[in-house]
Amino acid sequence: MIDNSDAHAPPEEDRLLLHAYIDRELDAATVLALERRMTADARLKTE
Amino acid sequence: LAGEQTGERFREFVLPHLDDALSLARWLTGNITDAEDVVQDVCIRALSALGSQTVGNSRAWLLAIVRNTTFTWLGKNRPKALVVTDDDRVFEEGRSRMNEEGQPTPEAALIARADAALLQDAIAALPIAFRETLVLREINGLSYREIAKVTGSPIGTVMSRLARAREHLMRHVGEIQSLEGRVT
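On a predicted model such as this, the values are computed, not experimentally measured, just so you know.

(A) Highlighting the overall build of chain B. The helix and strand inventory of chain B stands at ten helices and zero strands. Counting helices and strands in the order they occur from the N terminus, chain B gives α-α-α-α-α-α-α-α-α-α. Within chain B, residue pairs in contact and separated by at least 24 positions form 71% of the contacts whose partners lie at least 6 positions apart. In the structure as shown, chain B presents an accessible area of about 9,600 Å², 53% of it carried by carbon and sulfur atoms.

(B) Focus on the interface of chain A and chain B. Across the boundary between the two partners, chain A contributes nine residues, which contact twelve residues of chain B. Of the roughly 1,000 Å² buried at the junction of chain A and chain B (both faces included), carbon and sulfur atoms supply 49%. Inspection of the region where chain A meets chain B yields four salt bridges. The salt bridge partner of Arg-15 of chain A is Glu-167 of chain B, with a shortest N-O separation of 2.4 Å.

(C) The arrangement of helix α3 (residues 32–50) of chain B in detail. All names here are of chain B. Taking 1.5 Å of rise per residue, the 19 residues of α3 would be expected to cover 27 Å, and the 26 Å separating its terminal C-alpha atoms lies within 8% of that figure. Every buried residue of α3 is accounted for by Asp-34, Ala-35, Val-38, Val-39, Val-42, Cys-43, Ala-46, Ala-49 and Leu-50. With a side-chain oxygen lying 3.1 Å from the backbone nitrogen of Thr-33, the N-terminal cap of α3 falls on Asn-31.

(D) Just the pattern of salt bridges, in detail. All told, the structure shown has eleven salt bridges over all chains when counted by the stated rule. Of the charged contacts, one joins Asp-23 of chain A and Arg-166 of chain B as a salt bridge, the two residues approaching to 2.9 Å between their closest N and O atoms. Placement of the pair is Asp-23 of chain A in the loop between α1 (12–22) and α2 (28–40) and Arg-166 of chain B in helix α10 (residues 155–183), with the two residues belonging to separate chains. Of the residues examined, Asp-23 of chain A reaches a relative accessible area of 11% and is grouped as buried. Judged by its relative accessible area of 13%, Arg-166 of chain B is buried. For Arg-67 of chain B, the salt bridge identified is with Glu-132 of chain B, shortest N-O distance 2.9 Å. Here Glu-132 of chain B lies in helix α8 (residues 128–138) and Arg-67 of chain B lies in helix α4 (residues 58–77), a separation of 65 residues in the sequence.

(E) Examining the packing of aromatic side chains more closely. Residues and elements named next belong to chain B. The full count for this structure, using the stated rule, is zero aromatic pairs over all chains. Over the face of the ring belonging to Trp-27 we find Arg-26, whose NZ or CZ atom lies 5.0 Å from the ring centre. If you follow Arg-67 out to its NZ or CZ, it ends over the ring of Phe-71, 4.5 Å from the centre.

(F) Here's a closer look at the confidence of the model for chain A. Overall, the predicted model of chain A reaches an average pLDDT of 80, with 79% of residues at or above 70. Throughout residues 1–7 of chain A the model reports pLDDT below 50, and contacts reaching past four residues in sequence, or to other chains, amount to nine contacts.

(G) Here's a closer look at the side chain of Ser-23 of chain B. For Ser-23 of chain B, the location among the structural elements is in helix α2 (residues 18–29). Apart from residues no more than four positions distant in its own chain, Ser-23 of chain B is found in contact with Ile-139 and Asn-140 of chain B.

Conventions adopted
Residues numbered from 1 in each chain as written. Chains lettered and ligands numbered in written order. Predicted model: local features only at pLDDT ≥ 70, side-chain atom pairs only at ≥ 80, totals over all residues. Heavy atoms only, no water. Helix = DSSP H or I, 4+ residues; strand = E, 2+ residues; numbered from the N terminus. Contact = heavy atoms within 4.5 Å. Areas by Shrake-Rupley, 256 points an atom, 1.4 Å probe, with all protein chains shown as cover. Buried area = accessible area lost by both parts, 1.4 Å probe. Salt bridge = Lys/Arg side-chain N within 4 Å of Asp/Glu carboxyl O. Expected span 1.5 Å × (residues − 1). Buried < 20%, exposed > 50% of the residue type's maximum accessible area, 1.4 Å probe, protein only. Polar contact = N/O pair within 3.5 Å; in protein donor to acceptor, adjacent residues only side chain to side chain. Phe/Tyr/Trp six-rings, centres within 6.5 Å; stacked < 30°, edge-to-face > 60°. Lys NZ or Arg CZ within 6 Å of the ring centre and 35° of its normal. pLDDT = per-residue confidence, 0-100.

What follows is the structure in structure tokens.
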């Protein structure tokens, strides 16, 4: 089981989105939304 | 005439992707000899299917045949290798079993091992559902949508398996590298 108890780890859905972002698999709207969130959330950006 | 047309379609739809087919079969079976046997069966199946099927994305179509043929082959020859699951515990149990079954200790295995071999072993140690998704993406270069088509899985499952496969891989390589640091 994936341990989601780590407070520093992003939630499962965000992790999947980050992988898809790196793979250039997201549509433009989702990319924009994620980049906006990464700007605001340093932890997400670091991940 | 029908035979000639099928032959032409075989050259058009199958031959350009034989390297990809062999690569996927090798990663799934674990060795080139078995992979060649599988690809031989794949060619027969593909030839037969070309007579009746319309082919859109020929690479995804052929890799789906490779995947299904490999699973049939594994079911017949190595049923234990065919544990298709998304449960991470299977991954951990598989790794524990590897050590119990007299595999070289990590220390011994690390001696003189190149990074490429290390990575190859780490991929080979992944459960088949994770491994096929990772190989289809990183080695065959398929899109998420194509992987979903080849494996018959929803895109969400592809995303989850791919992310988890990468995380397992990073953790596995990290563990070995830290061990290597202690050994050398």
